[in-house]
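Fold and geometry: a report
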Amino acid sequence: MRRLLLNDVQLALTFDRLCLELLSGSGTLSNTLILGLQPRGYRIMNRIRSRISSFSQESFMGYGSLDLTFHRDDLRHRKSPLPTPLKTDLPFDIERKSVILVDDVLFTGRSARAALEALWTYGRPYKVELLVLIDRLYSRHVPIEADYVGRSVNVLDHERVQVGQHEKDEEIKEVWLRTCGTHEGGTSSVE
Amino acid sequence: MKVGPHRLSSPHLLGIREMSVRDMELVLETADSFKEVLARPIAKVPSLQGITVANMFFENSTRTRVSFELAEKRLSADVIQFSAQNSSATKGESLLDMVQNIIHMRVDMVVLRHPHPGAVHFLAQKIKAHLINAGDGTHEHPTQALLDAYSLREKWGNLKNRRILILGDVLHSRVALSSILCLRKLGAKVKICAPLFLIPPGIQQLDVEVEPRLEKALSWCEAVNVLRLQHERQRSLVLPSLREYAMYYGLKRAMLEKIGKTILILHPGPINRGIEIETEVADAPQSLILRQVENGVAIRMAVLYLLSSASR
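As a starting point, this report considers the structure included with it. (Residues numbered from 1 in each chain as written. Chains lettered and ligands numbered in written order. Predicted model: local features only at pLDDT ≥ 70, side-chain atom pairs only at ≥ 80, totals over all residues. Heavy atoms only, no water.)

Glancing now at the overall build of chain A. Along its length, chain A carries three helices and eight strands. Ordered by position from the N terminus, the helices and strands of chain A form the series β-α-β-α-β-β-α-β-β-β-β. Taken over the C-alpha trace, chain A has a radius of gyration of 16 Å; the compact-globule value for 191 residues is 16 Å, and the two agree within 12%. Burial status across chain A gives 55% buried among its 191 residues. Long-range contacts, defined as pairs at least 24 residues apart, comprise 74% of the intrachain contacts of chain A with a sequence gap of at least 6. Surface summary for chain A: the accessible area is close to 8,900 Å², and the carbon and sulfur share equals 49%. Positive and negative charge centroids in chain A, built from 26 and 26 side chains respectively, lie 3 Å apart. (Helix = DSSP H or I, 4+ residues; strand = E, 2+ residues; numbered from the N terminus. Rg over C-alpha atoms; globule rule 2.2 N^0.38 Å. Buried < 20%, exposed > 50% of the residue type's maximum accessible area, 1.4 Å probe, protein only. Contact = heavy atoms within 4.5 Å. Areas by Shrake-Rupley, 256 points an atom, 1.4 Å probe, with all protein chains shown as cover. Lys, Arg positive; Asp, Glu negative; His and termini not counted. Charge placed at Lys NZ, Arg CZ, Asp CG, Glu CD.)

Another aspect to go through is the overall build of chain B. Counting its secondary structure elements, chain B contains 11 helices and nine strands. Expressed as lengths along the three principal axes of its C-alpha atoms, the size of chain B is roughly 55 × 45 × 35 Å. Here chain B, with 312 residues, has 60% of them falling under the buried criterion. Taking the intrachain contacts of chain B between residues at least 6 apart in sequence as the baseline, contacts between residues at least 24 apart amount to 74%.

You'll often see interface size given as the accessible area lost when the parts meet. Between chain B and chain A, the contact holds 22 residues from the first and 20 residues from the second. Here chain B packs against chain A, burying approximately 1,800 Å² in sum over the two surfaces, 57% of which is carbon and sulfur. Area buried by chain B at its contact with chain A is led by His 6, Arg 40 and Tyr 305 of chain B, which between them contribute 30% of it. At the surface where chain B touches chain A, the tally comes to zero salt bridges. Taken together, the connections running from chain B to chain A amount to six residue pairs in polar contact (both at pLDDT 80 or more). Broken down by class, the residue content of the side of chain B that touches chain A amounts to 10 nonpolar, six polar and six charged. (Buried area = accessible area lost by both parts, 1.4 Å probe. Salt bridge = Lys/Arg side-chain N within 4 Å of Asp/Glu carboxyl O. Polar contact = N/O pair within 3.5 Å; in protein donor to acceptor, adjacent residues only side chain to side chain. Nonpolar A, V, L, I, M, F, W, Y, C, P; charged D, E, K, R; others polar.)

Attention now goes to the packing of helix α1 (residues 21-38) of chain B against helix α5 (residues 142-156) of chain B. Residues and elements named next belong to chain B. Running from N to C, α1 and α5 cross one another at 65°; their axes reach a closest spacing of 11 Å. With respect to α5, the element α1 is oriented roughly perpendicular. Seen along the crossing, α1 lies across α5 with a hand that is right-handed. Here Met 24, Val 27, Leu 28, Glu 29, Ala 31, Asp 32 and Lys 35 of α1 lie close against α5, whose contacting residues are Leu 146, Tyr 150, Arg 153 and Glu 154. Class assignment for the residues of the contact of α1 with α5 results in six nonpolar, no polar and five charged. (Axes fitted to C-alpha atoms, helices over the stretch in contact; angles between N-to-C directions. Parallel < 35°, antiparallel > 145°, perpendicular 65-115°, else oblique. Left-handed = near helix turned anticlockwise from the far one by under 90°.)

Take the sheet that holds strand β6 (residues 148-153) of chain A next. All names here are of chain A. Pairing is parallel across the open sheet formed by five strands, whose spatial order is β3-β2-β4-β5-β6. Unpaired on one side and paired on the other, β3 (62-66) and β6 mark the two borders of the sheet. Sheet twist, expressed as the average angle between the axes of neighbouring strands with direction ignored, equals 25°. In this structure, strand β5 (residues 127-136) lies alongside β6, joined through five bridges in parallel fashion. Residue pairing for β6: Leu 131 is matched across the bridge by Tyr 148. Packed on one face of the sheet, helix α1 (residues 8-25) meets β2 (32-37), β4 (98-106), β5 and β6 and runs near 140° to β6. Contacts from helix α3 (residues 110-120) reach β2, β3, β4 and β5, with the element oriented near 150° to β4. (Pairing = 2+ DSSP bridges.)

A few words on the nonpolar core. Ranked by size, the top nonpolar core spans 94 residues in total, and within it Phe 34, Leu 146, Leu 152, Leu 218, Val 224 and Leu 251 of chain B carry the most contacts. Broken down by element, this core gets its largest block of residues, 11 residues, from helix α11 (residues 289-308) of chain B. Ile 34, Tyr 63, Val 161 and Val 163 of chain A belong to the second largest nonpolar core, which has 31 residues in total. (Core = buried A, V, L, I, M, F, W, Y, C linked by side-chain atoms within 4.5 Å.)

Residues and elements named next belong to chain B. In this structure, Glu 211 sits in the loop between β7 (209-210) and α7 (214-220). On the basis of relative accessibility, which here comes to 8%, the residue Glu 211 falls in the buried class. Here Arg 213 takes part through its backbone nitrogen, which lies 2.9 Å from a polar atom of the side chain of Glu 211. Those residues within four positions of Glu 211 in sequence are excluded, and the remaining contacts are Lys 191, Ile 192, Cys 193, Ala 194, Lys 216 and Ala 217.

All names here are of chain B. Residue placement: Pro 201 occurs in the loop between β6 (189-193) and β7. Of the residues examined, Pro 201 reaches a relative accessible area of 80% and is grouped as exposed. Through-space distance from the C-alpha of Pro 201 to that of Leu 171 is 8.9 Å; in sequence the pair is 30 residues apart.

So, on to the pairing of strand β8 (residues 175-179) of chain A. Residues and elements named next belong to chain A. Relative to β8, strand β1 (residues 2-6) runs antiparallel, the two sharing four bridges. Counterpart to Leu 6 in the pairing with β8 is Val 175. Where strand β7 (residues 159-163) meets β8, five bridges bridge the pair, whose relative direction is antiparallel. Looking across to β8, one finds that Val 161 is bridged to Leu 177.

What follows deals with the packing of α1 of chain A against helix α2 (residues 40-52) of chain A. Residue and element names in this part refer to chain A. The geometry of α1 relative to α2 is characterised by a closest axis approach of 10 Å and an angle of 75° between their N-to-C directions. Compared by their axis directions, α1 and α2 come out roughly perpendicular. In this structure, α1 uses Leu 11, Ala 12, Phe 15, Asp 16, Cys 19, Leu 22 and Leu 23 to contact α2, whose residues at the interface are Ile 44, Arg 47, Ile 48, Arg 51 and Ile 52. Considering only residue class, the contact of α1 with α2 consists of nine nonpolar, no polar and three charged.

All names here are of chain A. Pairing in this open sheet of three strands is antiparallel, and the strands run β1-β8-β7 from one edge to the other. Since the sheet does not close on itself, it has two edges, and those belong to β1 and β7, each with one partner. Here the strands of the sheet are splayed against their neighbours by 30° on average, with no regard to which way each runs. The strands touched by α1 are β1 and β8; relative to β1, the strand with the most contacts, the crossing angle is about 40°.

In structure tokens:
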């Protein structure tokens, strides 16, 4: 069973609002990098990237992707096969830069924790912020909160947030809330 | 190309013979990600935190040993270095007793180099830790073969129908067997060139051709893997002289210039300069020798990472 959280119009409005919040809240754009967390945060970042030029002539310093597979805290506790490492595309020096990490769903916070650890292997950024499309409330395992939130939802343990019709869709048209038979988490990379 | 589920089908890396093509592709794919890690300002990830690896070397080694140690440290594993010279092996303790004692100190993985072919296969039947073969006598050296294939794949994209020559002391080389098996499984064509007394009988069963004339063999190939002439294993004294070997089977600049095409050059090291390869050739722009060393760390990181999650 599933119900619609955001349809395509609501999603477009949410992305526009996130773009405006980013432009007004992230300080000097020319010193700010935006990184999508692989794989699903990267799709969100691309959507933001394609919209942001509608609102500002000024542009961010750069966009990239960050894979956090090797920084996961559950590698030794998994029964299923390891996740496939994906491409990290970070052709910038992050020293003293502001970095905005982008993910689809903030659930336990473990992805964001792993992303922070991965990011620090590239240098010492001046500031790091987190943007998520969906914030699953009251479900954190680590003390991490997002700075930019598309939509906050209160989700039960046996429900999961699905961004896009299919999780591997490049284009995101809606966000669904699915009821699962088992107690599964959200769709963020490390749960 | 992305390969299927991210897990090796075996809990050990015993040899290329036992490895499936899918497992080999998985190691090569994963090594790509670790090459990116190695290029970071802080080239260290916590993937093997809490895992203890024992490097047990019963033979001398520089590259392989340092490469494994670096790979383990880059993955944040705890590392024990063990060498036979300073161990109770000198008091007559058996290999099995020694390894079992070390594993009972809660060691998760063992990297083993041993002078006896099959030593690692013997241990795999007896112990519970993950085993990685870092060279067993004249038998196999699987991580070397994988890093050779990886270095060529970096240049060519894939090895399908590529023509690769293995030149030199095939009889005493553990690299040769692993390399032949690896290259054939990945779709390359392989020829062997060596004096006939340095070619093991029955080598054609591995689906390779033998070409004893060096110039003809070089004219055929796109890459040549030059093997070290192994003085320490030449028990039968079949080699008349090093000078004669260098004259007929040493890889020389003059011959490569005469052939007039770019041939990629590999060597597993250590190099006997002036014997199996001239210095100008070893250091030539088309030489991948130092690239092989660099790639060796990424390949070993991939193997350790993938095995750490395999069920024992």
